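# An overview of the molecular structure
Below, each chain spelled out in residue letters.
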Amino acid sequence: MLRAAINILIAGLFVLHSLQWIAIPGIVALNNVAHDHLIRTAPRANEVIEDIVVMDIDEASLSNEKLGRWPWSRNVLSNLIIQLFEEHEVRVVAFDVVFSEADKSSGLEQLEKLAVGPFAGDNAFRKKLEELTPTLQYDELFAEVLMQYPVVLGYYFNTEGSIRSGVLPLPTVLKEENKIQPGGIVKATGYGANIQTLSDAAIASGHFNPIVDEDGLIRRVPLLLDFAGELYESLALATFRVAKAVEIAKRDNGIFKVPALQLFDTTGKEILSTSPGTASPGAVQIAEKVIPTKDDGTIYVSYQGKAKTFRYISFNDLVNNRVDKEMLRDKIILVGTTAPGLSDFRSTPMGELYPGVEVHANALASMLSKDGLSVPTQLPEQKVLEIVALLVAAAFLITVLPRLSPLMSVAVWLVVVAVEAGATYHLWVENHIVVSFGPLIAMTVFLFLWSFGYQFYSTFKNKNQFASLFGQYVPPELVKKMAEDPTKYSMQGKRAELTVMFSDVRGFTTISESLSAQELSEFINLYLTTMSRIVRQQDGTLDKYIGDCIMAFWGAPIENSKHAMSAVSTALSMEEALQGMNQICLDRHWPTISIGIGLNTGHMSVGDMGSEVRKAYTVMGDAVNLASRLEGLTKHYGVVTLVSEHTAKQCPNIVFRDVDLVTVKGKTEPVAVLEPIADRSKISDEQMRFLDYSNNLLDLYRARRFSEITSMRADCSSKFSESFCKKLDWLHDQASEFIVNPPPEDWCGVNVFMTK
C-alpha cells in the first residue's frame, strides 16, 4: 500500500509540475540539458546558411591603420558600406553594434572653436572652414549612406534600471495596436540606442537582446520586446524584413518597401482583432513567411553548429582587397566582433565562448529558410499531450515493475526511457518540435529508484588522477595541497565569490612594430614570466594569456577567504616589478612598459568550460566583465591599477585613493573605483599628503565647484611630482568641460562610459 501511495504521489507531483501548479527543482535544468543535446547532435540543416556572412571586427581589423583606432570613425564606416554595396553587391548590412555617441573624430568641433576664438577675424579661415564642414560632418555623411542602402542598425534594451541613451526607432507595433496580455512579452525599462541622426536615417533598427536562462545560456531570442506598451522587433527580425523587401523589389521590379508585420495569437487569430490585454503571441508573419513563437514572443535559436559555422570575413581583408566579389554578392552581412578586447561572447548550448553576432545569424537563418519547420516550436496542444504521456508512463511502470525480476525490471525501464528519448528525438528531427522532456524522464527515474530502493552514489578519482586532471589548470604547488583532500575540489561549474584580475600592456601594437620577431618573443616572455610568477606567489590561478593580457583569479579552486587582499597585493607587486623590467628594456634598447590592471570581487561562475576540442578552468560572469572594463579605464584615469569598491572593502590593510564613480557599458548601477596606494604600514608621508589633496579635489568636483578645481592645476605641480599630478589630469579636464557644458541638475558625480 505504501509503495503504491508513494508511486502515485511521485506521478502526481510531476503532473502538477507540468500543469505549472508547482515547481520541482531541477526539471527546467533537465529540460535544458535535453534540448542542448538535441541542438548539438541533431541540428536542422538550413539551406540558407551560405547567404549570411559575418563581417568580423577582429584583432587584425582593430590593428589595421587604414581603419584607425576603435571605435572607427563614421567616415570609415560610410566607405565600408559603400564598398560592400557598390563593389560586392551585398543584399543587406546589419550592425550588431550601437552608435550611442556622436563622432567627433573629424576635428570639426575644434576647428569651430578656433573660428570663434583665435581666428575669429580671419575671413580666409572661416571661408575654408565653411567649405570643409560638409566633408567633416561624419555622422551626417554616415546618415546619408544609411538612407541610400538597406542597412539595419542595432541597439539594446535594459530590463533592470531606467537609464536611457540615444533615440529609439519607431516601434514595430504601436501602443494602441498592442493587444498582448500583461506580462505576455518581456518588458524593458531602459535602453541604449543610436544617436538621433543615425536612428532617423536607418531604414530599420532592431534590438540585439537575447533571453539568458538561469544557467547563463542563450537558447531563445525575443522577436519582440515591450517598452512603454509598444513593441520593438529584434535585429534578426528587422534584418529579415529588410531582406524580404529587397527580394520583393527585385522580383516585382517594384518600389522598395519593408513588408508589414502581422502578429497572431496561439489560436491563429490576428491579434489586432482581439480584445485589448487578452492575447498571447503565437506567431509572426512577414509576407508569406510564418514564424511560430512561444507565448512570450520568443523563438528557440536553431543553432547550426559550433562557433564560426557561418562564414566570417575580416574587415582587415576587405580593406586590403583580399575578398573575392563573388563571395559576398547578394549576401546578408552581419557586422559583429570576435575580438577578445571587445568582449562580445555569449554562453550557448554550442559553447561557452560563442560570438554574439552568430546568435543573430542563426535566428536569421531560420527565418530566411524556405523550410516551413526551420524555426523550432511548441504545439498549442502540447501541454495536454505531455500530461497524457506522464499518466500513461506512470500507470505502466507502477503496474509492471513490481511484477518483474530485477533484471527484467531494469530492461523494461531502459526500454521505457529509450521510447521516451526516441519520441523526443523524432519530434525534434522530423518536426522541429521542442518537447518538455524533463518531467517525463525524471518521473520515470524516480519511480524506478523508489520501486527498487536503489541509491546512487558519486565516487571520486584517486589522488594521482586528481593531480593529473587539475595540473592542467592550476600551479603544481597548489595541486599538491588540493590532492591532500580531493573531495573538497571539483572542476564542475559553480557560483562563488572570487576576485578576478585583468592586466594589459598599453600600446603593445606600437611596441611590437618596433621590435623584430625574435626581440618581440623575448620581450613578451620576459613580461609574462615576471608577472605570472608574482600571481603564483600570491596563490593566484592563472586563467589565460590573451595576447599581452594576463587574466587571473583568486579563491578557486582553493578557497581563500582573503582572495581580494591577495589580488591587490599582486597588483602592487606587479607595479614594483615594472621598474626592474623597464631597466632591462632600456639596457636592451627596447621600449619601456606601461600596464593597466583592473580588479573586481564578486560572485561569478567558475569551472571547467569550453568545447569538446579544448576546455579550460576559468571564470565567467558580470563580475568578470567589470574587472575587464576597469582595466580599460586605467589609462583614462592616469593610474596603473583600478579596483572596484567590492574589492577595496575586503582589504582593510591597504590604503586606497577614491578615484571616481563610474557606470560601465552594459551596467546601470554606478560603482566606486579606487586606486590601491600601499600597505598601511608602508605608506609614505608624500603619498598621504597626495591622498588628502586628491580627496579634497574630488569633494569639490562632486560639489560642482569646477572653477576652483581648474584654478588648482598649477598648485598641484608645485606640491607633487608629475607622476602624482597626472592622476588628476582627468579631473581638471572634466572640470574644464563642465564649466563650458555644465552637467544636468540631477548629476550625482557619476561618469558614464558607453564603450567597452
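Residues numbered from 1 in each chain as written. Predicted model: local features only at pLDDT ≥ 70, side-chain atom pairs only at ≥ 80, totals over all residues. Heavy atoms only, no water.

Across its full length, the protein chain carries 27 helices and 27 strands. Out of the 756 residues belonging to the protein chain, those deemed buried represent 53%. Summarising the internal contacts of the protein chain: among those between residues at least 6 apart in sequence, 74% fall at separations of at least 24. Computed over 69 positive and 88 negative side-chain charges, the separation of the two mean positions in the protein chain equals 4 Å. (Helix = DSSP H or I, 4+ residues; strand = E, 2+ residues; numbered from the N terminus. Buried < 20%, exposed > 50% of the residue type's maximum accessible area, 1.4 Å probe, protein only. Contact = heavy atoms within 4.5 Å. Lys, Arg positive; Asp, Glu negative; His and termini not counted. Charge placed at Lys NZ, Arg CZ, Asp CG, Glu CD.)

Attention shifts here to the pairing of strand β12 (residues 281–286). Working note: regular strand, side chains alternate between the two faces of the sheet. Along β12, six of the six residues are buried, which leaves the element largely enclosed by surrounding structure. When β12 meets strand β13 (residues 289–292), the two strands line up antiparallel, connected through four bridges. Within β13, the position partnered with Ala283 by the bridge is Pro292. If you look at the hairpin formed by β12 and β13, you'll find two residues sitting between the two strands, and Ala287 has a positive phi there, around 55 degrees. (Pairing = 2+ DSSP bridges.)

Turning next to the packing of aromatic side chains. Applying the stated criterion to the full structure yields 27 aromatic pairs. On the numbers, 5.4 Å between centres and 85 degrees between planes, the contact of Trp72 with Phe315 is edge-to-face. Here Phe315 lies in helix α10 (residues 315–319) and Trp72 lies in the loop between α3 (59–62) and α4 (74–87), a separation of 243 residues in the sequence. The same class applies to Trp72 and to Phe315, which are both buried. Ring geometry for Tyr156 against Phe208: centres 6.3 Å apart, planes inclined by 40 degrees, an arrangement best described as tilted. Here Tyr156, found in strand β3 (residues 151–158), pairs with Phe208, found in the loop between β6 (204–207) and β7 (211–212); they are 52 residues apart in sequence, far enough to count as distant. No difference in accessibility class separates Tyr156 from Phe208, as the two residues are buried. The rings of Tyr637, Tyr701, Phe706, Trp730, Phe738, Trp747 and Phe753 are connected pair by pair, giving a single aromatic cluster. (Phe/Tyr/Trp six-rings, centres within 6.5 Å; stacked < 30°, edge-to-face > 60°.)

Here we come to unusual backbone geometry. Cis peptide bonds are those with omega within 30 degrees of zero, and the linkage from Trp70 to Pro71 qualifies with 0 degrees. Tracing the backbone shows Pro71 in the loop between α3 and α4. With an omega dihedral of 0 degrees, the bond running from Ala556 to Pro557 counts as a cis peptide bond. Assignment of secondary structure puts Pro557 in the loop between β21 (549–554) and α20 (563–587). A positive phi angle is found at Asn321, which is not glycine, with a value near 55 degrees. Examined against the element boundaries, Asn321 turns out to sit in the loop between α10 and α11 (325–328). Using a relative accessible area of 61% as the deciding quantity, one classes Asn321 as exposed. Positive phi outside glycine occurs at Arg704, with the angle close to 65 degrees. With respect to the element layout, Arg704 can be found in the loop between α23 (685–702) and α24 (706–711). Arg704 gets classed as partly exposed once you look at its relative accessible area, which sits at 30%.

Across the two faces of strand β24 (residues 641–644) the burial is the same, with Thr641 and Val643 and Leu642 and Ser644 all buried. In terms of strand pairing, β24 meets strand β26 (residues 671–679) through two bridges, oriented antiparallel. Each residue of the ladder has a partner; that of Ser644, found in β26, is Val673.

This brings us to helix α21 (residues 622–637). Helix length check: α21, at 16 residues, gives a terminal C-alpha distance of 22 Å against a target of 22 Å (1.5 Å per residue), a fit within 8%. All of the buried residues in α21 are Ala623, Val624, Leu626, Ala627, Ser628, Arg629, Leu630, Glu631, Leu633, Thr634 and Tyr637. Immediately downstream of α21, the backbone of Gly638 shows phi near 70 degrees, a positive value. (Expected span 1.5 Å × (residues − 1).)

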